[in-house]
Every structure is written in structure tokens, then in C-alpha cells.
Amino acid sequence: MYIDTHAHLNDSAYLDDLEEVIASSMANEVKGFIVVGFNKETNKRAIELAHKYPFIYATVGIHPSDVNEYNEENKNLILKQLEDPKVVGIGECGLDYYWHQDNKELQKEVFRWQIETSKKLDIPIIIHMRDASLDTLNILKEYDNVKGIMHGYSGSAEMLEDFYKIGLHIAIGGVVTFKNAKVIKEVARVARMDRLVLETDCPYLTPHPYRGKRNSPEYIPLIAKEIALLKDISISDIRDITYKNVLKLFDLEGKL
């Protein structure tokens, strides 16, 4: 079975057919979903879905694109939400210098608060990193034993060991199926199996051959297949090991 560690089923793209998307995904061996929040609205929706479906768990956080929500009221709300047993992590959070160049220091402050909250509560953190690899790594190095996921990993293969030393897992999604995605293909080839998890980031970053269409957790096996080819191992090994990695990381043994 598979678990999609980063699904935005709380996105409006699924308002009309969420039940069908879930059914199709489960028919393709996707047994569980981590629905990721990133602002006040999506955090709330992620929790609602987690309480509606036993196989969905939520995370809540502040994305670098939503750092305007960083205030005492919202921080206290997130801390309260993290007490919910169906909320299993903090994030999506991190640094994004592709879209945002004018608020880097605020992004760093918000990121640090979420790392510190993750450590205090001993829960995984979901980390977004775009055009900010060095700053992301340097901030993480300020802390010992950070557990969580480098979401949609966009760093180099050479940087993997740095993130492993911090304590993090690496998530690979649909980009690995793109023909010219040489860097992430090399990352997938050398990534440690005990630190590997799968994700879709749906409705975004749809894998080949459905690129350009709305993404869905049902495409997780396509990602697993490509990684298996790159590693020259069986797809069942990718499926089974990544499934166990997620259960351990999010403390979901016996819950999925």
C-alpha cells in the first residue's frame, strides 16, 4: 500500500468530485493521505477532512507565501489545532525566494517558529524549499534532530547527506517522471531507502503521462515506478518501504 505524504485535497480543485478522487486513489493502492494545510483556511479544511475520513490525517502551518498570517492569534490557533489527534505535523512551511524576495527575514522568523514548535511537540515538520536551499539548510543546522520531510525535494544529490544528518526524510513527487528532470532523477537514484517517502503535491505537479492535468493521489504508483526504475529495484520494494517509513515518521502504526 501507499501513503501520499503531501496532498492538498483541501484545495477547491476537488470540491466537486472529492469522493471519486479518493475512490480512484484507493483503487490504486493508496491507503492513506496526509492532507497539508498552509494557511488559516486550508488548515481548517485539512482538519475537517481528517475528521470525516479515518484514512486522512492533517498538518497545519504557515507557508512562506502566507507569512502575513504570522501573529499571536494565528500562532495560538495553530497550537490549539496541533492538540487534535488527527493533526500529525506542522507545515507546510519553509522558505520561498522564487515568489518572494522582499520578506526574507520574516520568512526565516516564521520558519524558525515552526521548527521550534515541531521540536517542542515532537512532531514532524513539512518543509517547503524553493530557490532557498542554502538558507533553508543553514537554519535547519541551528537545531538538533529535526524530524520531518523535505517536501518536493529540489536540492542536489550532494546535499542529501546534509539533510539526513539533521534527521529529515526526502519526499519525491511527480517531477521525477519528467523527461528532462535530471537533478531529481539523480536524487532518486541515490536517495536512502530508509529516508524516502512519496508525495503528489496534488493538484499540482502531475506526473507523466498526465502532466498538465489536475494531479491526484491515484498517480502515486507512477512515481514509485519511476523511482524503482532509477534504483533498479522492484516497485513493490518502493511501495512497502516508503509505506513503513511514513507509518514510523507520523506514528501511524495501527492507525492506517
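In this report, we go over the structure that sits alongside the text. The structure presented is a predicted model; accordingly, all values stated were derived computationally and were not measured. (Residues numbered from 1 in each chain as written. Predicted model: local features only at pLDDT ≥ 70, side-chain atom pairs only at ≥ 80, totals over all residues. Heavy atoms only, no water.)

As for helix H1 (residues 18–27)
Part 1 of the argument: Considered for burial, the residues of H1 that qualify are Leu18, Val21, Ile22 and Ser25. Down the axis of H1, the buried set is contained in an arc of 95°. They therefore lie on one face.
Part 2 of the argument: Summarising the contacts, the buried residues of H1 are in contact with strand E2 (30–36), helix H2 (40–52) and strand E3 (56–60).
Part 3 of the argument: A positive phi of about 75° marks Glu29, the residue just after H1. (Buried < 20%, exposed > 50% of the residue type's maximum accessible area, 1.4 Å probe, protein only. Helix = DSSP H or I, 4+ residues; strand = E, 2+ residues; numbered from the N terminus. Arc of directions from axis to C-beta. Contact = heavy atoms within 4.5 Å.)

Thoughts on the packing of H2 against helix H3 (residues 72–81)
Part 1 of the argument: Close contact between H2 and H3 brings their axes to 12 Å; oriented N to C, the two are set at 15°. Classified by the interaxial angle, the pair formed by H2 and H3 is roughly parallel. Considering how the two elements wind past one another, H2 and H3 form a crossing that is left-handed. For the pair H2 and H3, the contacting residues are Lys40, Asn43, Lys44 and Ile47 in the first and Glu73, Asn74, Leu77, Ile78 and Gln81 in the second.
Part 2 of the argument: A per-class count over the contact of H2 with H3 returns three nonpolar, three polar and three charged. (Axes fitted to C-alpha atoms, helices over the stretch in contact; angles between N-to-C directions. Parallel < 35°, antiparallel > 145°, perpendicular 65-115°, else oblique. Left-handed = near helix turned anticlockwise from the far one by under 90°. Nonpolar A, V, L, I, M, F, W, Y, C, P; charged D, E, K, R; others polar.)

A closer look at the side chain of Asn215
Part 1 of the argument: Mapped onto the fold, Asn215 is located in the loop between strand E8 (196–198) and helix H8 (220–231).
Part 2 of the argument: The exposure class of Asn215 is buried, given its relative accessible area of 0%.
Part 3 of the argument: Once residues within four sequence positions are removed from consideration, Asn215 is found in contact with Tyr14, Thr200, Cys202, Pro203, Tyr204, Leu205, Thr206 and Pro207.

Focus on the pattern of salt bridges
Part 1 of the argument: For the structure shown, the criterion picks out 15 salt bridges.
Part 2 of the argument: Linking Asp135 and Lys108 is a salt bridge whose minimum nitrogen-to-oxygen distance equals 3.5 Å. Of the two residues, Asp135 is situated in helix H5 (residues 133–140) and Lys108 in helix H4 (residues 104–121); the sequence distance between them amounts to 27 residues.
Part 3 of the argument: Judged by relative accessible area, Asp135 falls into the partly exposed class, the value being 24%.
Part 4 of the argument: Asp122 serves as the salt-bridge partner of Lys147, at 3.3 Å between the closest nitrogen and oxygen. Remark: Asp122 occurs in the loop between H4 and strand E5 (125–130) and Lys147 occurs in the loop between H5 and strand E6 (148–150); sequence separation between them is 25 residues.
Part 5 of the argument: Residue classification places Asp122 among the exposed positions, given a relative accessible area of 54%.
Part 6 of the argument: Beyond isolated ion pairs, a larger network of salt bridges with shared partners links Glu29, Arg239 and Asp240. (Salt bridge = Lys/Arg side-chain N within 4 Å of Asp/Glu carboxyl O.)

Considering H8
Part 1 of the argument: Between its first and last C-alpha atoms H8 spans 17 Å; for 12 residues at 1.5 Å apiece the expected length is 16 Å, and the two agree.
Part 2 of the argument: Where H8 is concerned, the buried positions are Ile220, Pro221, Ile223, Ala224, Glu226, Ile227, Ala228 and Lys231.
Part 3 of the argument: Where the residues of H8 are buried, they touch strand E1 (2–7), E2, strand E7 (168–172), helix H7 (182–190), E8 and helix H9 (235–249).
Part 4 of the argument: Following H8 by one or two positions, Asp232 has its phi on the positive side, about 60°. (Expected span 1.5 Å × (residues − 1).)

Quick look at the sheet that holds E6
Sheet strands pair via backbone hydrogen bonds, and the direction of the pair is either parallel or antiparallel.
Part 1 of the argument: Spatially, the eight strands line up as an open sheet ordered E1-E2-E3-E4-E5-E6-E7-E8, and their pairing is parallel. The sheet is open, and its two borders are formed by E1 and E8, each paired with just one other strand. Here the average twist between neighbouring strands, direction ignored, is 30°.
Part 2 of the argument: The sheet contact formed by E6 and E7 spans three bridges and is parallel. Within the sheet, the bridge partner assigned to Ile149 lies in E7 and is His169.
Part 3 of the argument: Each of E1, E2, E6, E7 and E8 touches H9; the most contacted strand, E8, lies at about 95° to it. (Pairing = 2+ DSSP bridges.)

Notes on the nonpolar core
Part 1 of the argument: Judged by nonpolar contacts, the single largest core of 87 residues is most densely connected at Leu9, Ile56, Leu140, Phe163 and Ile172.
Part 2 of the argument: Sequence-distant contacts of Ile56, defined by excluding residues within four places in its chain, comprise Leu9, Ile22, Phe33, Val35, Leu49, Ala50 and Lys86. (Core = buried A, V, L, I, M, F, W, Y, C linked by side-chain atoms within 4.5 Å.)

With respect to the state of the cysteines
Disulfide: a covalent bond connecting the sulfur atoms of a pair of cysteines.
Part 1 of the argument: Scanning the entire structure with this criterion turns up zero disulfides.
Part 2 of the argument: In this structure Cys202 is a free cysteine whose sulfur lies 19 Å from that of Cys93, the closest cysteine sulfur available.
Part 3 of the argument: Judged by relative accessible area, Cys202 falls into the buried class, the value being 0%. (Disulfide = S-S within 2.5 Å.)

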